[in-house]
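# Structure at a glance
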Amino acid sequence: MNENRDVLLTIRDLRIEGRSDEQWNEIVKGVDLTLHKGEVLGLIGESGAGKSTIGLAAMGFARDGCRISGGTIDFDGIDLRKASEAKRRNLRGKRIAYVAQSAAASFNPAHRLIDQYAEGPVQHGVMSRGEANRDATELYRRMQLPNPDEIGFRYPHQVSGGQLQRAMTAMAMSCRPDLIIFDEPTTALDVTTQIEVLSAIRDIVEQFDTAAIYITHDLAVVAQMADKIKVLLKGEEVEEADTRTMLNAPTQDYTKSLWAVRSHTRPEQPPVAPGTTPVVAVRNVTAGYGTLDVLKNISFDIHARRTVAVVGESGSGKSTTARVITGLLPPREGEVLFNGTALPPDYRNRSKEQLRQAQMIYQMADTALNPKQRLRELIGRPAQMYLGLRGKALNERVRELLRLIELEPDDFIDRLPSELSGGQKQRIGIARALAAEPQFIICDEVTSALDQLVAEGILKLLDKLQDEFDLAYMFITHDLATVKSIADEVVVMKEGIVVEQGPKSEMFQPPHDPYTELLLSSVPEMDPDWLDKLLEERAAGGAGASVEGAGN
Amino acid sequence: MSHILKMIAQRLALGLVTLFVVSLIIALGTELLPGDFAQERLGQSATPETVAALRAQLGLDQPFHIRYLTWLRDIVTSGDFGVSLANGNPVTEQISERLRYTLWLAFYAAAISVPLSLTLGILAALFRNSFFDRFANASALTSISFPEFFVAYILIFLLAGAGGVFPSMVNFRTDPTFSEYLYRAFLPAITLTLVVTAHMMRMTRAAIINLLASPYIEMARLKGIKPMRVVLRHALPNALAPIINVIALNLAYLITGVVVVEVVFVYPGLGQLMVDSVRVRDMPVVQGVALIFAAAYVLLNLTADVLATLSNPRLVHKR
Amino acid sequence: MLGFLTGLFWVAVVVIAALAAGWVFRTAAIAVAPKKVAKALRTAPLTASFGMLMILVYIVVAIFAPLIAPFGETEVVSVRNAAWDDQFLLGTDNLGRDLLSRLIYAARNTVGIAFVTTALAFIVGSVLGLLAATIGGWFDQIVSRAVDVLMAIPALIFVLLLLTIVGQSIINMILVIALIDSTRVYRLARAVAMNIVVMDYVEAARLRGEGLWRLITREILPNAMAPLVAEFGLRFCFVFLTISALSFLGLGIQPPLADWGQMVKEFSGLITFGIITPLLPAGCIALLTVSVNFVVDWQLHRASGLKE
């Protein structure tokens, strides 16, 4: 149907260069793109694919340190590369608008929402200030924001993340542009919040018949939003097709591998024999900061060779649980048992042996590895400290650990963390934990900062190591897809309380606790009709419609 | 609003406590003076009686805490800083007139340098990496690095002396009128201006440029806002806290750091008095001047703190 | 007007000559230096190159002062206040000592004393700052509050106050300035370390059971070095200017030791007659601080990673 409509944006052979290490490298290598009026194009790819760069180039904009070096960008008959800066500026915000990934960072903290809303229309001479104010309230209402008459008079820090993202979409709409660039608008949000933002964005784009470029790395999300999808890899186009064709019959291997990513599943483990002492047992723990209780009377067990996934949205207390177990935050009440004996609440009072047995792998490998230490020291230090290895034995152990995490020792042993990719850094985090030869490892969102294919590799590695060394894992995550693929047991947390816990097989089968229901139903599926069906179901009172998600 | 008042009250209380501790440190000065001060002042030939009389007069025969409390009480209740050891005149009398001149000079220099440095800093941020920016930056760095007396003597060399226009020594023997004052104090004021303007300009530029990489600035640019407005409306309000702090720091410097400039131009301010008193170890005067300087410094930092707090909507408008 | 234009002309000549010298130095240094250093040097602006060159010159002059100076430091070699001539290139002072020789010896005295003072302030300040950030709790509270109070008194005033109490001597001056400056170093070292202490790798090291010594030397200090080194440069300038100011006020380095600040004071009367002699020692001070600042500015810029 879109083929018959007027063409709005044509990009031909777009080339963009980025500056690093004192020279220009091409980061977008000849991409073509055609967008019709009212059409929504999904741009997907992993980090480094150049999706955001292309999105900004559609506005004739290049970030500092980047430059558009070749090709043409034609927006409704205007050549954006040849147009003067003043002319381009006049288009931005007025005819082409932008919605950023983090609304919290992209709203100016010094001004109220409505002032920022009105700035575009008033500066572009589209509306008077009074009109803009009335218009803002109207759009806030259409974006289903609570208290639309009043919310604009708040400062950004007084509004929750999901609401800010909707307010930002409203702001982008303020001049009724022909085209909006959405740059990962829901990536930073919790799943339950994501649904609300997605449906609000989709509604408003339809209502005003606005064309959009929707940039994301999440296939299931883009399936709900886009008419057609373009897949990018390292600055080049892999393929483009309309959404249903792309989902059902991708032609390129890379696309197929992206589609297949969520296939890894850990084989079902037999139930633990009754009466077995768990490796780690959290018993009636209440903990918090200051007078605030972040955890309220939580209990669960973790057995050898088992993975317990602790799931919850932001503020659910899952990371605080990890801090209590490691002894960084002594609990107010309750205790943590290790192989049946209570651990001292404060890590400073724990013995070397107790510290050795419980290791931790962090979410951000960047901040978890000392940038000034080479891998030899990073991995070798725990082995040296706990196991007393020295000299040749230590060197051999480090090489063995590197082989375990599938990195070539000769090539890697003297590297600095800055000379590694994201996935490799995370592997070093794993090797450091293994070096202590522990029984128990806490994995804190270890895959959430990684691209899907890389994350998949890490999960497989963790699985393999668990079998090899009889490890017990506590896996903290907000991503239910990860839970499905690796957990044996699941603990669902909300606002410091364990809502539901049990074996994975039970957890993913009804009946659920209403919050679990909400959480599970909110995970986008790779079906273009999923969002419609879900909203219908919720309107009818199902799919966890009775409870509130996080962040609102 | 009440939490803001509470925060300000807390800062005020903290400022008072700091001032109290500072006064204690300053007062401890006499205690730590090596040797018997009275003996030293009167020389070897003094009889024990006269030494004892002087000790009693200076209160040196009292224990420290009594002396300290008396000293503090006199200052707080009647502004009495005691008597100079060098000439026996009341310290308050010597200080008050010179304080007026020092403040005058500080106002003079501030009136020129604050608007000038803000404008230059904003322009440098706006045209960053242009020739203007690089030139302004290099000159600012140069002028920060110069010792004050170097700047002062260059100015004297160029503008005073043989065929010069302005007086190289400030003479207030006759009470000057306002325009006379501006003329006579021109060189010291310009010297100070050069020194502090560079610093404030660089900090203003840095504070703004720091923010230019933030997502909300990119957002403003993507809304099609003009560069000038991006800097003034989107970057500047968020850069206020560091800018206010650096202004306060430099204003404090104008009051307390003028010692060298006052000596070069023989300007009859507090700094000059302090240096003269240090030379002859006239403790009551040194203490008095130091206390006034410290008070001015604490007060300015306090004001800056409060203003910086008020400029932050996160602190003013609670959730 | 004409005078102003010639002045401007000479300023331009000096600036261009300085930048040219910087360019020559940078080109030479890149050719000589090992690969990694050469790569860093290539990013140096001309101002910083000039700064490095000048710092090198100062160091050489300070170390080899007796070999370079034509006469002794306190040697009376001629009549008083002799004019510039072939033998006494810059004339003599009011006691008949060679001015050029005294300028050269002063490099050794002033720069040396400033360096020792800065080093002392740095050791004390950064050790306390790193400890406060790592240990936290009451130690941090006590030291930080004490530093707050010490910093509530303006630096130069505090130096003058303390010098009145302990009396003037070079050792006293070094100790007093080092004490006051260490509070500034403490603030910075603590702030820098605070940003590092919250990193996951420090948490990992704590949970591993590492001791305080290893935490500081292996985990925190290596990551704090860059800003601390830049701060050392800035602190050196500050200390150097403070000492010069004190000497200028007659309260610092005392004759017969040669010192630039003191020489400025000595000749200051001549300036009103249009004689530039007092500007020479003042210029020596200014040139060094400018040079250090240029280099520090470049390093800070590099460290901030600000891509322009």
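Data block above holds the structure.
Residues numbered from 1 in each chain as written. Chains lettered and ligands numbered in written order. Predicted model: local features only at pLDDT ≥ 70, side-chain atom pairs only at ≥ 80, totals over all residues. Heavy atoms only, no water.

## Let's talk about the overall build of chain B
As a reminder, the rule being used: The way it works is that DSSP assigns letters per residue, a run of H or I at least four long becomes a helix, a run of E at least two long becomes a strand, and they are numbered from the N terminus. Each residue is assigned to one of three classes by its accessible area relative to the maximum for its type, calculated with a 1.4 Å probe on protein chains only: buried under 20%, partly exposed between the two thresholds, exposed over 50%. Should any heavy atoms of two residues lie within 4.5 Å, those residues are considered in contact. Here, Shrake-Rupley sampling with a 1.4 Å probe gives the accessible areas, and only protein chains in the shown set may cover a residue.
When helices and strands are counted, chain B shows 15 helices and zero strands. Within chain B, the fraction of its 319 residues that count as buried is 49%. Sequence separation of at least 24 residues holds for 72% of the intrachain contacts in chain B that already meet a minimum separation of 6. When the accessible surface of chain B is summed, it comes to about 14600 Å², and 67% of that surface belongs to carbon and sulfur atoms.

## Structural notes on the overall build of chain C
Heads up, the condition is: The convention is simple: Lys and Arg are positive, Asp and Glu are negative, and His and the chain ends are not counted. Where a charge sits is defined by one atom per residue type, namely NZ (Lys), CZ (Arg), CG (Asp) or CD (Glu).
Within chain C one finds 12 helices and zero strands. Burial analysis of chain C (308 residues in total) assigns 52% to the buried set. Counting only contacts in chain C whose residues sit at least 6 apart along the sequence, the fraction spanning at least 24 positions is 67%. Surface exposure of chain C reaches about 13700 Å², of which carbon and sulfur atoms provide 74%. The average position of the 21 basic charges and that of the 18 acidic charges among the side chains of chain C differ by 9 Å.

## With respect to the sheet that holds strand E3 (residues 40-44) of chain A
Residues and elements named next belong to chain A. Our working rule: By this definition, two strands are paired if DSSP reports at least two bridges between them. A fitted line through C-alpha atoms represents every axis, and for helices the fit uses only the stretch in contact; the resulting angles, taken between N-to-C directions, go from 0 to 180 degrees.
The mixed open sheet is built from six strands, whose spatial order is E6-E7-E8-E3-E9-E10. Two strands lie at the open edges of the sheet, namely strand E6 (96-99) and strand E10 (236-242), each paired on one side alone. Pairwise comparison of adjacent strand axes, ignoring direction, gives a mean angle of 15° for this sheet. The strands touched by helix H6 (residues 161-173) within the sheet are E6 and strand E7 (179-183), with E6 carrying the most contacts at an inclination of about 170°.

## Overview of the pairing of strand E2 (residues 23-36) of chain A
Residues in a regular strand project their side chains so that they alternate between the two faces of the sheet. All names here are of chain A. As paired strands, strand E1 (residues 7-20) and E2 are joined by 11 bridges and run antiparallel to one another. If you follow Arg15 over to E2, its bridge partner there is Lys29. Counting the residues in the hairpin turn of E1 and E2 gives two residues, including Asp21, whose phi is positive at 55°.

## Focus on the interface of chain C and chain B
The line we're drawing: Two parts placed together each lose some accessible area under a 1.4 Å probe, and adding up what both lose gives the buried area. Whenever Lys or Arg places a side-chain nitrogen within 4 Å of a carboxyl oxygen from Asp or Glu, that contact is recorded as a salt bridge. Identification of polar contacts relies on pairs of N or O atoms within 3.5 Å, with a donor-acceptor requirement for protein atoms, meaning one able to donate a hydrogen and the other able to accept it, and with residues adjacent in sequence counted only if both atoms are side-chain atoms. Three residue categories are used. Nonpolar comprises Ala, Val, Leu, Ile, Met, Phe, Trp, Tyr, Cys and Pro, charged comprises Asp, Glu, Lys and Arg, and polar comprises the others, including Gly.
In this assembly, 44 residues from chain C lie in contact with 45 residues from chain B. Both faces combined, the contact of chain C with chain B buries some 3800 Å², and carbon together with sulfur accounts for 79% of it. Considering only the surface of chain C that becomes buried against chain B, Ile157, Thr164 and Ile165 of chain C emerge as the three largest contributors, covering 16% of it. Counting across the chain C and chain B interface gives one salt bridge. Here chain C is connected to chain B by three residue pairs in polar contact (both at pLDDT 80 or more). Residue assignment for the side of chain C that touches chain B shows that the elements contributing at least two residues are helix H6 (137-151), helix H7 (155-166), helix H10 (212-248), helix H11 (260-267) and helix H12 (279-304) of chain C. Here the side of chain C that touches chain B takes 10 residues from H12 of chain C, the largest share from any one element. Looking at the side of chain C that touches chain B residue by residue, the classes come out as 29 nonpolar, 11 polar and four charged.

## Quick look at the sheet that holds E2 of chain A
All names here are of chain A. Spatial strand order, E2-E1-E4-E5: four strands in an open sheet with antiparallel pairing. Each edge of the open sheet carries a strand with a single partner, namely E2 and strand E5 (78-79). Here strand E4 (residues 66-75) pairs with E5 via two bridges, running antiparallel. Bridge assignment links Phe75 to a residue of E5, and that residue is Ile78.

## Describing the environment of Glu353 of chain A
Residue and element names in this part refer to chain A. Counting through the fold element by element, Glu353 comes out in helix H12 (residues 352-357). Its relative accessible area of 43% is what places Glu353 among the partly exposed residues. Sequence-wise, Glu353 and Leu387 are 34 residues apart; in three dimensions their C-alpha atoms are separated by 9.9 Å.

## Focus on the interface of chain A and chain B
Across the contact, 28 residues belong to chain A and 22 residues belong to chain B. Summing the contributions of chain A and of chain B, the shared interface buries around 2600 Å²; its carbon and sulfur component is 54%. Three residues stand out in chain A for area buried against chain B, namely Arg89, Glu119 and His157 of chain A, and they jointly supply 24% of the buried area on that side. Connecting chain A to chain B are three salt bridges. A salt bridge links Arg63 of chain A to Glu218 of chain B; its shortest N-O distance comes to 2.6 Å. Linking chain A with chain B are 11 residue pairs in polar contact (both at pLDDT 80 or more), by the criterion used here. Counting residues per element, the ones that place at least two in the side of chain A that touches chain B are E6, helix H3 (103-106), helix H4 (113-123) and H6 of chain A. Broken down by element, the residue count for the side of chain A that touches chain B peaks at five residues, all from H4 of chain A. Grouping the amino acids of the side of chain A that touches chain B by side-chain chemistry returns 12 nonpolar, 10 polar and six charged.

## Points about the packing of helix H21 (residues 514-522) of chain A against helix H22 (residues 530-539) of chain A
Residue and element names in this part refer to chain A. Here is the rule: Throughout, the term roughly parallel applies to angles under 35 degrees, roughly antiparallel to angles over 145, roughly perpendicular to angles from 65 to 115, and oblique to all others.
Running from N to C, H21 and H22 point in directions that differ by 155°, and their axes come no closer than 11 Å. One finds that H21 runs roughly antiparallel with respect to H22. On H22, the residues touching Leu518, Ser521 and Ser522 of H21 are Trp530, Leu534 and Arg538. Per-class residue counts for the contact of H21 with H22 are three nonpolar, two polar and one charged.

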